[in-house]
Amino acid sequence: PNLTTSLDSGYEIHDLESTTQNSFALEASEWLVNPLDRSSPTSYSQCGTTYLLGGHLVASNTAIFERTYSSLPSHSSLLLTVNFWFIDLWDSSDYIDLLISDGRNSYFSGTILAVSQSQINWQPSICGSSSPDLPSAYFSIFLAHSEPCVTLQFQNYITASDNTRGSSGLRDVRISLL
């Protein structure tokens, strides 16, 4: 990831923001995605013109997406922003959990995104099966954090497991250290 300095806001980490396949593949290789769908050779995919960690039938319906960022500069709080994509069939019992920890302490643990196609007007299919998709739903959380490392762990909870099941993808991970 890129670590940038800003006098106004401290430090920012930018991850999974690349727009070319080779660069995105390099960023994705730093993430653990387990288990992958049995048919997927990589942990990332292309949805339309956008590269995602995960994506249609890349990660299993209970997959964990995990990354640890170490040697963080001194800070007292953290702002995390992530761009999620919901692909194909999601129902009201499907959701994503997030655990933010430092290996010893948990700073946040809970459901962050639960969506149902009956709740909103989804867009026509961009990738995956012919079912509608919800691209680019942003999630942000601000919390007290001062440790030199942080681990992000996102977990899918998608009930169906066939080829038309819902899939998730993420990109544009931004961590602001304040």
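None of these values were measured; they are calculated from a predicted model.

S.K.: Outline the overall build of the protein chain, supporting the account with residue identities and numerical values.
M.R.: The number of helices and strands found in the protein chain is 1 helix and 12 strands. Tracing the protein chain from N to C terminus, the helices and strands come up as β-β-α-β-β-β-β-β-β-β-β-β-β. In the protein chain, which comprises 178 residues, the proportion classed as buried is 51%. For the protein chain, the exposed area adds up to about 8400 Å²; of that, 49% sits on carbon and sulfur atoms.

S.K.: How would you sum up unusual backbone geometry? Please name residues and give values.
M.R.: With an omega of -5°, the peptide bond between Asn34 and Pro35 qualifies as cis. Within the chain, Ser71 stands out as a residue other than glycine whose phi angle is a positive 55°. Within the secondary structure, Ser71 is located in the loop between strand E6 (59-69) and strand E7 (77-87). One non-glycine residue, Asp172, adopts positive backbone phi at about 50°. With respect to the element layout, Asp172 can be found in strand E12 (residues 167-177).

S.K.: An account of the state of the cysteines is needed here, citing residue identities and associated values.
M.R.: Evaluated as defined, the whole model comprises 1 disulfide. Across the disulfide, Cys47 is cross-linked to Cys127 (sulfur-sulfur distance 1.9 Å). Torsion about the S-S bond of the Cys47 and Cys127 cystine: about -85°, corresponding to left-handed handedness. Highlighted residues: Cys47 in strand E4 (residues 44-47) and Cys127 in the loop between strand E9 (106-114) and strand E10 (134-144), separated in sequence by 80 residues.

S.K.: I'd like to hear about the sheet that holds E6, residue by residue, with values.
M.R.: Taken in spatial order, the 5 strands of this open sheet run E3-E6-E11-E8-E9, and their pairing is antiparallel. Because the sheet does not close on itself, it has two edges, and the strands there are strand E3 (32-36) and E9. For this sheet the average axis-to-axis angle between neighbouring strands, irrespective of direction, equals 15°. Bridge count between E3 and E6: 4 bridges; the pairing is antiparallel. For Val33, the partnering residue across the bridge sits in E6 and is Phe65.

S.K.: Account for the packing of aromatic side chains, with residues named and values stated.
M.R.: Taken as a whole, this structure holds 6 aromatic pairs when the rule is applied. When the centroid spacing of 6.5 Å and the interplanar angle of 25° are considered together, the rings of Phe84 and Phe86 count as stacked. Assessed through its relative accessible area of 1%, Phe84 is described here as buried. Among the residues examined, Phe86 registers a relative accessible area of 0% and is labelled buried. What links up through ring pairs into an aromatic cluster is the set Trp31, Phe84, Phe86 and Phe154.

S.K.: Provide a residue-level description of the nonpolar core, including the pertinent values.
M.R.: Counting 39 residues, the largest nonpolar core has Trp31, Leu80, Phe84, Leu152, Phe154, Leu170 and Val173 as its most contacted members. The next biggest cluster of nonpolar side chains, apart from the first, holds 5 residues, and it includes Cys47, Trp85, Ile87 and Cys127.

S.K.: If you had to explain the pattern of salt bridges to someone new, which residues and values would you point to?
M.R.: Under the defined criterion, the tally for this structure stands at 5 salt bridges. The salt bridge partner of Asp172 is Arg171, with a shortest N-O separation of 3.2 Å. Judged by its relative accessible area of 6%, Arg171 falls in the buried class.

Procedures and definitions
Note on numbering: residues in each chain are counted from 1, in written sequence order. Local features are withheld for residues below a pLDDT of 70 in this predicted model, meaning they are given only at 70 or higher, and side-chain atom pairs are given and counted only at 80 or more; totals for whole chains, interfaces and linings count all residues. The side-chain quantities take in all heavy atoms of the structure and omit both hydrogens and water. A run of DSSP states H or I qualifies as a helix once it reaches four residues; a run of E qualifies as a strand once it reaches two. Both are numbered from the N-terminal end. Three labels apply to residues, based on accessible area from a 1.4 Å probe with only protein chains included: buried if under 20% of the type maximum, exposed if over 50%, partly exposed otherwise in between. Where accessible areas are quoted, they stem from the Shrake-Rupley method and a 1.4 Å probe; at the residue level, only the protein chains shown are allowed to cover. A pair of sulfur atoms, both from cysteines and within 2.5 Å, is called a disulfide here. When DSSP finds at least two bridges between two strands, those strands are taken to pair. Angles run from 0 to 180 degrees between N-to-C directions of axes, and those axes are lines fitted to C-alpha atoms, restricted for helices to the stretch in contact. Two rings from Phe, Tyr or Trp (for Trp, the six-membered ring) form a pair when their centres sit within 6.5 Å of each other. Planes less than 30 degrees apart are called stacked, planes more than 60 degrees apart edge-to-face, and all others tilted. Nonpolar cores are built from buried Ala, Val, Leu, Ile, Met, Phe, Trp, Tyr and Cys residues. Side-chain atoms within 4.5 Å join them into one set. Any carboxyl oxygen of Asp or Glu within 4 Å of a side-chain nitrogen of Lys or Arg constitutes a salt bridge here.

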